[in-house]
Amino acid sequence: MDPTVHPVTIKDEGLSVVWDPGVQTEFDLIFVHDFGDGVRRTWATRDFFWPQDFLPNEVPNVRVMMYGYPTKRSLNTIPQQGVDLLRCIQDERKKSKIRGRPVVFICHGIGGLICKNAIITSGNSKNAQRFLAHCVRGVIFLGTPHRGSKASLQAKFTRIVKQFSAEQRRASLPNGRSSLWDQLSTFGNIVDKFRIPVECFYEASSSQVVEEASATMGRGERTHALSTTHLEMCRFKSPTDPGLVCIVACIKRLCTDPNDVVKPDEKYAVPMKPPFPRNVHFCAREGILEEIQNIFWPNHHFQEDQSRPLGRKSITLQGAGGTGKTQVLLEHMYRFHAYKRGYSSIFWLNSDSVAGLEASAYDILGNIIGHYDGMWRGATDCDQRIAHSLKIFEPPITTRATLMEAVNKASSVKILRDWLSHEPNSRWLLILDNYSPDVDLHTILPATDVGHVLVSTRSYNAYPGSHSIAMPDNIGEAESVDLLIRSSGKGLKVSRNDMAWASTIVKTVGQLPLALDQVGAYISNLQISLQKYAKLLKSEPERQMNEKITNTNRLDAIWEISWSKLSEKAKGLLQLCSLLSAHDIPLKLLQGGKRDIGWMIDDETISEAIGCLLSFSFASSSPDDTSISIPPLVHTWLQQRLEQDEKALQQYRELVTYMLTSSFVFDDAKTPSEWSYERQILPHIIRCTEIVESQPNWGGKSMDDRSKEVVCSLAKAYERLSDPQKACSLYRLALNSVKKPGYTIQDFKTMDAYGVNLALQGKHEEALNWYTQALEGAESTVGMENILVLNIVLHMATVFMEQGQYDQAAEQYQRVLLVQEKKYGKDHLKTLGTRYRLAVAYTHQENHDAALELLHRVRDVRERSPSLGTSHPSTLETLESIAKVLEKQGKYHEALEIHHSVMNRKVSSLGENHHSTLETVDGIASMYMRQEMWNEALDWNGKLLDGLSKLFGAGNVKHPWTFSTLTRIADVHHHLVRYDDAEKGYKKAYAGFKDLGIETKELETAIKIGTVLRKRGHYTEALSYSRTAEKGLEKKLGRDHTSTLAAVLNVASILDLQGNYAEALKRYQQALTLYTKLSGPQHPDSLATTSAIANILTKQGAFQKASQLYTSTQPTQEKILGPNHPQTLSTIQGHAILLGELGKYDHSLQLQERVVTAVSNALGISHPETHLATYHLAVAIENKGQLTEASKCYNQVISGLPAQHLYVLLATRGMGNIHLLSQRHEQAHSLYQRAASGLKEKLGDKHPETLRAVTSQALALMKMGRLEESESMYRDALGSCGETLGAEHPLTLTAVHGLAQAWKKRKKFKEAAAGFRRAKEGREKVLGKAHRDTEESRRALVKVKRRSWGWFF
């Protein structure tokens, strides 16, 4: 088809093609117009329609389409219009029979939102509509509003619509509560998931409709300014218009640069790494291969849409050893790879053991890392991208070395399973060879129901639920003859006589593929005839080669024939390999034998022996010739053969452990690749460990130094493999035979290594005991200046630092420093390292001057050193330590200057967004937070967040560091009383930690959410988060962990605010018990919890107990924390409230005034905490009868806090009191009613504060003469108070007194007398006889008695 220019008439709705290059098409370009503008008019001036007139000449490989949609409908239908666009594209592609073609969108204004909804719908779809998200190669937005609050986005919609004519403005707009905004906010997640490039253009004119902050997504995308209006930003008069040139450049980049974006099918298309070369002699199993293919790919649909997930299918190939299962799997792997059929990647795993699975998974991870390295090589954040793709977040990944270190310390199987679980990674084939039921398949198979799994095993029903295919033991006579002819090399010159002899051999040895391959290798290697081999077989004893005997016996005979032709070196090597795992034996491991095995004189000799084994099919080589494998049946035969000679077995057992451990490298120069080596040979390490632990004489006196060295080396290997427990048992094995006075240098090395192991496990005292023994022996044997002795002392110092024994640590560092200065010189790198560690010890001792002196000396030398210099990490580390000391001395300005200097050096040497640079930015932000410089902290945390976005990829926030930074930004908002922003930040971080599975961080963030919700008065939601945190942290960290206790206290404080005093008190008492146990009764946390208990007791009416606690706690807090510390002021405020309840109004007022003064001086008069303190001051002033002053304070609270804030409702009730006491009963009733309604909604019907407002409302009704209503309200309040607070609570007694007053007014004098009597007696008991309320009940009782006697009638 020739390139076609389509008619200029374009449909108002649906897709219209305006240019189609036919077979040259590589991309689809879809234009989506703005709301209210025409499909063509959006992009055209009178004479120039650039998508048709100009674009095809610049980007000839694209098909250009225009999409139209109805613009007179409500903008609330944007989600539906997005679905319509998606369906339109889907229908068009189905009609055109197009699959997988990349798409680029160019969208103007609100058309961009329709496009976003189409992509969101596709990305979230589980069916065929998902194709679009996989196909989108990029989106160009022109003046599309992306960011802002719902209200601001609503305003931008209005401004956009106003650009058009009145007729075009008839559609209704979405309101601020529309779900549209929430749906659009998920676009960033889809962009991240499918790695969709975005480019944003904004207007730079004076009359901006959508300003830059909204027209850009702020996710690291490319942004561009156009000096034009909103309407004209996509209409151009000529091809040379700068705006058009810029837009077309973007289109070219997205349509021609394959490296600009990595699509999911590219990201997961990892090159195949087969375990063995392809078997050129493969034959006779075509039926099995076809059956596998038909199960996995019915109807041979290999080339189906590659963007669709591949549903999970599993096949188990079950059969005896030697039947060719591995060869069938290998051939299937090669065939599907060769034709690029169906799979994005194919992986081979050895699954005969847990260790084998781990080792082969590690090898696959190396292949995945290499694949990503090729894709992202040159990118500054290459290693960070790789780590993120593998879901590795800790430790911080800055280099390839730190990446490999993280991989080496984690479970390779888990990392691989997580990688296979990526949602877009859904078209893989996993081959599990030699599967053993001892391996749990769930450890490697993702929970997602995608991917193909092919398993080979000897075990019956090993993988329930999979399709099972049985492998016959024999392959048929004709196929057997064919295989023998092929493997013997006779294929091209075979004669009838050869065929006859081949048939004879097959009848003798059977039809087992492994046997035939072994025979063929013998014939080919020795270049003998088939007839001669047949005669060799005939010469074997009849009992071995009778046609009726088993395959095993036949194989034994065949192997014995081949064994006899091996060189002695090859035999020795094969017997060594028989004691290792059968699979993947690295050449490096075998070369470790050069130290102890006499014939292994050099690498060439070892290679010759390997070559001999390969030629006789006793081994197979990996495709890159770096390792060999022994067929499992051959491996078993060799073991049985060696076990017949006990002396030889013992000798080879010893030699194989020497060979393995000699291949390790444990010095300081050990590289991550050498760590990788240990992961790769894990199965061999396990086999040698079993040999070591099974030695009958080891553990007694007979273990020599070489044997101890072997055991110690294995222990160090397990430490590298992150298994300190196994290492610990091996160190103990090596040390069991050590007794004074027969210590050797090897014993001292082992003691030191064991001490390091114990220290890493936190067993510091045990470590010190072994260090002490090692030091005493080594120092007396080799002297203090020996490197072993110096290392032991340094290790001891490290333990002392961990224990907080800084004096002892400093003493040990000084001891080493003296020797190093003498031995190496004062400026040697080792000397500098010790001097630096000594300075750190001095810092912990608070010996700041001495620490600074040493640090300055270290800094000066490191800066002058040619090998280090001013920007070397060790130099910068020294500077940062100097800054920390200065900060501790209160020299904040100097400390900040150093931090900024370090940052500038890192920017120059590493770049602005390097991990290490951002660590310094993090440190600066943290320092501002510690100094409570909140605005600066917010600024620097924002810079850090921007840098992290660039470090981990544009818009990519799924990293713990990012979420920790979001948490800190929320902390700043919290301190700045921006509770709405704080809540949003905490919740975003909470969701992020939850998504990453970092449970502790998730739960600790839940505490923060609960705290800010509590302060906002959202108690139900706050309690839900806090209880989730409490339960989760207790399970994960224990009840006595500080984080768990923080959650317990938050739950208690919310229960307190909800009026659930009994449960709150229970939790506070539990927390106090644990704090006292952990830190003592005078620790600030213990004192604060005691104060909280006193506050609860006050609310419960237990005034005497509360008074005792306040009296003991307040002076201690003032002494330890200071008189104006927040915790001290909280206790003083609680004590003042108690004094008010007890009628000691002068003292109460004095304390409340002190609190308000201290809080306002510290936080300012407008801070919420100041308003809360002012409320309590108002209550104290009201108690004194100073109504005007109290009214002023209540009004300050009402005007200073949000309308539905708890304390606004309480202050409203307080204003009701003022009006009631001033005889303005109706106004009082109105305020009480408003307060009660708000409190019911916020706290519930039975909360004490709600009930207090209800009793006040009842009193106002009584004053207004509405006695029946008053009595009813008092009755309800009394019932709720008794149920919630108890019969003797002061508020219950207030309700009793009020009800008695209502009865009195209604002339029910007997009931009134009983009520007043109950109120009087209760108040005497709880408040005391002198309390104002008690006296009020007493006087009322006297008066009602007189009335009941008729004295006033």
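Calculation rules
- Every chain's residues receive numbers from 1 upward, in the order its sequence appears when written.
- This being a predicted model, a pLDDT of at least 70 is required before a residue's local features are given, and a value of 80 or more before pairs of side-chain atoms are given or counted; all residues contribute to the totals for chains, interfaces and linings.
- Excluded from the side-chain calculations are hydrogens and water; all other atoms, namely the structure's heavy atoms, are used.
- A run of H or I in DSSP counts as a helix once it spans at least four residues, and a run of E counts as a strand once it spans at least two, with each numbered from the N terminus.
- The buried label goes to any residue with under 20% of its type's maximum accessible area, the exposed label to any with over 50%, and the partly exposed label to all in between, with areas taken from a 1.4 Å probe on protein chains only.
- A contact between two residues is defined here by any heavy atoms of the two lying within 4.5 Å.
- Aromatic pairs are defined between Phe, Tyr and Trp rings, using the six-membered ring for Trp, whenever the two ring centres lie within 6.5 Å; interplanar angles under 30 degrees are classed as stacked, those over 60 as edge-to-face, and all others as tilted.
- Expected helix span is given by 1.5 Å per residue-to-residue step, counting one fewer step than there are residues.
- For salt bridges, the criterion is a side-chain nitrogen of Lys or Arg within 4 Å of an Asp or Glu carboxyl oxygen.
- What makes two strands pair is DSSP finding at least two bridges between them.
- Helix axes are fitted to C-alpha atoms over the stretch in contact, other axes to C-alpha atoms as well, and angles between N-to-C directions run from 0 to 180 degrees.
- In these notes the angle categories are as follows: under 35 degrees is roughly parallel, over 145 is roughly antiparallel, 65 to 115 is roughly perpendicular, and the rest is oblique.
- By the definition used in this description, the sense in which the near helix is turned from the far one sets the handedness, with an anticlockwise turn below a right angle giving left-handed and a clockwise turn giving right-handed.
- To qualify as a nonpolar core, a set must consist of buried Ala, Val, Leu, Ile, Met, Phe, Trp, Tyr and Cys residues joined through side-chain atoms within 4.5 Å.
- Confidence scores labelled pLDDT are given residue by residue by the predictor and lie between 0 and 100.

Time to look at the overall build of the protein chain. Along the protein chain, the regular secondary structure elements total 61 helices and 16 strands. Classification of the 1353 residues of the protein chain by burial places 54% in the buried group. By sequence separation, contacts in the protein chain at least 24 residues apart represent 67% of the contacts at least 6 residues apart.

As enumerated under the stated definition, the model contains 23 aromatic pairs in all. With 5.4 Å between their ring centres and 65 degrees between their planes, W297 and Y343 make a pair best called edge-to-face. A residue pair is termed long-range when its members are at least 10 positions apart, and W297 in the loop between helix 12 (286–296) and strand 9 (313–318) and Y343 in the loop between helix 13 (325–338) and strand 10 (345–350) qualify at 46 residues. We note that W297, like Y343, is buried. Their ring planes at 40 degrees and their centres at 5.4 Å tell us that W559 and W637 sit as a pair that is tilted.

This part takes up helix 24 (residues 568–578). Taken across its 11 residues, helix 24 has 9 buried, putting it largely inside the fold. Residues A570, K571, G572, L573, L574, Q575, L576, C577 and S578 constitute the buried set of helix 24.

Once that is clear, we can look at helix 20 (residues 513–526). Under the 1.5 Å per step criterion, the end-to-end length of helix 20 is 20 Å for 14 residues, consistent within 8% with the ideal 20 Å. Taken across its 14 residues, helix 20 has 10 buried, putting it largely inside the fold. Buried within helix 20 are the following residues: P513, L514, A515, L516, Q518, V519, G520, A521, Y522 and I523. Residue Q527 follows helix 20 closely and has a positive phi angle near 55 degrees.

It is worth spelling out the pattern of salt bridges at this point. Enumeration according to the criterion identifies 53 salt bridges in this entry. Put simply, K1192 and E1189 hold a salt bridge, and the shortest N to O gap is 3.7 Å. Of the two residues, K1192 and E1189 both sit in helix 54 (residues 1187–1200), 3 residues apart, roughly one turn of that helix. Its relative accessible area of 47% is what places K1192 among the partly exposed residues. The salt bridge partner of E1335 is R1339, with a shortest N-O separation of 3.6 Å. Residue E1335 and its partner R1339 are both found in helix 61 (residues 1332–1349); the two are separated by 4 residues, about one turn of the helix. Overall, E1335 belongs to the partly exposed group, its relative accessible area being 24%. Here the salt bridges do not stand alone but share partners, grouping D28, R63, E92, R93 and R101 into one network.

Turning next to unusual backbone geometry. The phi angle at E932 is positive, at roughly 55 degrees, despite the residue not being glycine. Here E932 lies in the loop between helix 41 (915–930) and helix 42 (934–951). For Q1223, which is not glycine, the phi dihedral falls at a positive 65 degrees. Relative to the helices and strands, Q1223 is located in the loop between helix 55 (1206–1221) and helix 56 (1225–1243).

Right, let's talk about the environment of Y1075 for a bit. Structurally, Y1075 can be placed in helix 48 (residues 1061–1079). Residues Y1075 and L1087, spaced 12 residues apart in sequence, show a C-alpha to C-alpha distance of 9.3 Å. Ignoring anything within four residues of it in the chain, the contact list for Y1075 reads L1045, A1046, L1049, G1080, D1085, S1086 and T1089.

Right, let's get into the pairing of strand 3 (residues 27–32). Burial analysis of strand 3 places 6 of its 6 residues in the buried class, which makes it a mostly covered element. Burial along strand 3 is two-sided: the face carrying F27, L29 and F31 and the face carrying D28, I30 and V32 are both buried. Two elements, strand 3 and strand 4 (residues 62–68), share 6 bridges in a ladder whose sense is parallel. In the sheet register, V32 faces strand 4, and the bridge partner there is Y67. Pairing analysis gives 5 bridges linking strand 3 to strand 5 (residues 103–108), with the strands arranged parallel. Note that in strand 5 the partner of L29 across the bridge is V104.

Along the chain, P1202 falls in the loop between helix 54 and helix 55. Looking at P1202, the relative accessible area reads 53%, which means it is exposed.

Moving on, we come to the packing of helix 33 (residues 745–760) against helix 34 (residues 764–782). Direction vectors running N to C along helix 33 and helix 34 enclose 155 degrees, while the axes themselves pass 8 Å from each other. Taken together, helix 33 and helix 34 sit at an angle that is classed as roughly antiparallel. Remark: the crossing between helix 33 and helix 34 carries left-handed chirality. Facing helix 33, whose interface residues are I745, F748, M751, D752, Y754, G755, V756, L758 and A759, helix 34 presents H764, E766, A767, W770, Y771, Q773, A774, G777, A778, T781 and V782.

If you trace the 5 strands from one edge of the open sheet to the other, you get 10-11-12-9-13, paired in parallel fashion. The open sheet is flanked by strand 10 and strand 13 (467–470), the only strands paired with a single partner. Sheet twist, expressed as the mean angle between neighbouring strand axes with direction ignored, is 15 degrees. Its contacts with the sheet put helix 14 (residues 354–376) on strand 10 and strand 11 (428–435), and the angle it makes with strand 10 is roughly 150 degrees.

The next subject is the sheet that holds strand 14 (residues 585–586). If you walk across this open sheet you meet the 3 strands as 14-16-15, and the pairing is antiparallel. Where the open sheet ends on each side, the last strands, each with one partner, are strand 14 and strand 15 (620–621). As paired elements, strand 15 and strand 16 (residues 627–629) share 2 bridges and run antiparallel to each other. Across the sheet, the residue bridging to S620 is S629, located in strand 16.

It is worth spelling out the nonpolar core at this point. One finds I505, Y533, L566, L590, F618, M659 and I685 to be the most contacted residues of the largest nonpolar core, which totals 154 residues. When residues of this core are assigned to their parent elements, the largest contribution, 11 residues, is made by helix 35 (residues 787–803). Discounting chain neighbours no more than four positions away, the residues touching I505 are L484, G510, V519, L530, Y533, A534 and L537. If you look at the next biggest cluster of nonpolar residues, it comprises 98 residues, including V1051, C1193, L1278 and L1327.

Detailed conclusions should not be drawn from predicted coordinates in areas where pLDDT is low. In this model, the protein chain carries a mean pLDDT of 84, and residues with pLDDT of at least 70 account for 90%. Ignoring residues within four places in sequence, the model shows residues 1–7, a span with pLDDT below 50, making 19 contacts including any to other chains. Contacts for the low-pLDDT stretch residues 257–262, under 50 throughout, to residues beyond four places or in other chains number 15 contacts.

For the rest of this paragraph, the subject is the environment of L454. Here L454 lies in strand 12 (residues 452–457). Its relative accessible area of 0% is what places L454 among the buried residues. Taking the C-alpha atoms as reference points, L454 and S314, separated by 140 residues in sequence, lie 5.9 Å from one another. For L454, the residues in contact, after removing those within four places along its chain, are I292, F296, I315, L329, H332, L429, L430, I431 and L432.

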